[in-house]
Amino acid sequence: MSLLQELCENVIAGNAPKCEALTADALDSGLSAADVLNDGLVAGMNVVGEKFKNNEFYVPEVLIAARAMKAGMKVLRPKLVEAGVEPKGRLIMGTVKGDLHDIGKNLVAMMMEGAGFEVIDLGVDVAPDKFIAAAQEHHAQIIGMSALLTTTMLNMKDTIETLKSQGIRDTVKVIIGGAPVTQNFADEIGADGYSADAASAIDLVKAFLP
Ligand code: B1M
């Protein structure tokens, strides 16, 4: 098995120390940072995403795999910067104002990173202005909002309305998710996309940023 195949397998298995060591070995062997990212770490997370979608993996396995991927990323990130490898796109993520639930949001953010996107995670209880300021500051193509409460999901609409009132709605795509959120709600508030789980959120973003 090649080093990159082994790295990919260890992401899937969620073996963080092995991922860290194999990432270093792969770079030492002369492989490019981009190859280690795409054919090792991202390849592994792609399999994890598929397994999650097919109910072969559950939340704990995905979190463990994401932690392994992050261990590899710790070694790889400086090399990616050195090599000038650009992320596939930049997303602002956060849980909306008034809402402190972050397990699903973190899962989505980690899977996005695993798919090669740069994620600026604003955490929880994020007000509309903060989402918008971060999108502008980081030139993000996407704002991703999560909500777990029927009371706070309405704050997603506020972000979209604020984007509209500032005349910048066209500059960014807005995607939403969280247990009480539905496609109907997304349509109602004028979001660009909705997804029911972390793996489909990646497909959604890929469709916006081919
Ligand atoms: Co809260 N809570 N909680 N809670 N909590 C729920 C959501 C609730 C349904 C429980 C219940 O009553 N049955 C209920 C909401 C009812 C409603 O609004 N209709 C509820 C309540 C009422 C509350 C409090 C008000 C309780 C109280 O204090 N009286 C309070 C509110 C605090 C606040 O936010 N202001 C509260 C507090 C908490 C804890 C702090 C104790 C804890 C949160 C810890 C944390 O997140 N760090 C907590 C938890 C854990 C839950 C439950 C049990 C689990 C939520 C979770 O993490 N699910 C939840 C009941 C339940 O859902 N069974 C509940 C796992 C997670 C992986 O799923 O977040 O749905 P989820 O994410 C999925 C998808 O939705 C999607 O992808 C993820 C992975 O597939 N997704 C996205 C999520 N975000 C996305 C964004 C995207 C795309 C997809 O694009 C941007």
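Provided above is the structure to which this section pertains.
So, how was this worked out
- Residues numbered from 1 in each chain as written.
- Predicted model: local features only at pLDDT ≥ 70, side-chain atom pairs only at ≥ 80, totals over all residues.
- Heavy atoms only, no water.
- Donors = N, O, S within 2.8 Å, 3.2 Å for Na, K, Ca; no water.
- Helix = DSSP H or I, 4+ residues; strand = E, 2+ residues; numbered from the N terminus.
- Buried < 20%, exposed > 50% of the residue type's maximum accessible area, 1.4 Å probe, protein only.
- Pairing = 2+ DSSP bridges.
- Right-handed = clockwise from strand over helix to strand, strands pointing away.
- Near = heavy atom within 4 Å.
- Polar contact = N/O pair within 3.5 Å; in protein donor to acceptor, adjacent residues only side chain to side chain.
- Nonpolar A, V, L, I, M, F, W, Y, C, P; charged D, E, K, R; others polar.

### Details of the coordination of the cobalt atom of the ligand
Just one protein ligand coordinates the cobalt atom of the ligand, and it is H101 (NE2) at 2.2 Å. As for its position among the elements, H101 is in the loop between strand 1 (90-95) and helix 5 (103-114).

### Comments concerning the pairing of strand 4 (residues 173-177)
Of all 5 residues in strand 4, 4 are buried; the element is thus mostly enclosed. Summarising the sheet, strand 3 (residues 142-146) and strand 4 pair through 5 bridges and their orientation is parallel. Considered in strand 4, the bridge of I142 is made with K173. With helix 7 (residues 154-165) bridging strand 3 and its parallel neighbour strand 4, the resulting β-α-β unit is right-handed. Here strand 4 runs beside strand 5 (residues 193-194); their pairing, made up of 2 bridges, is parallel. Among the inter-strand pairings, I175 is bridged to a residue of strand 5, identified as G193. You can see the chain leave strand 4, run along helix 8 (residues 183-189) and come back into strand 5, and the turn it takes is right-handed.

### As for the site of the ligand
Around the ligand sit 27 residues, and of these L100, H101, D102, S146 and T150 come closest. Within the backbone of L100, one N or O atom sits 2.6 Å away from an oxygen atom of the ligand. For the ligand, a nitrogen atom lies 3.5 Å from a polar atom in the backbone of G178. Those elements that provide at least two residues to the shell around the ligand are helix 5, strand 3, strand 4 and helix 9 (198-208). When residues of the shell around the ligand are assigned to their parent elements, the largest contribution, 4 residues, is made by helix 5. Of the residues assigned to the shell around the ligand, the class counts are 15 nonpolar, 9 polar and 3 charged.

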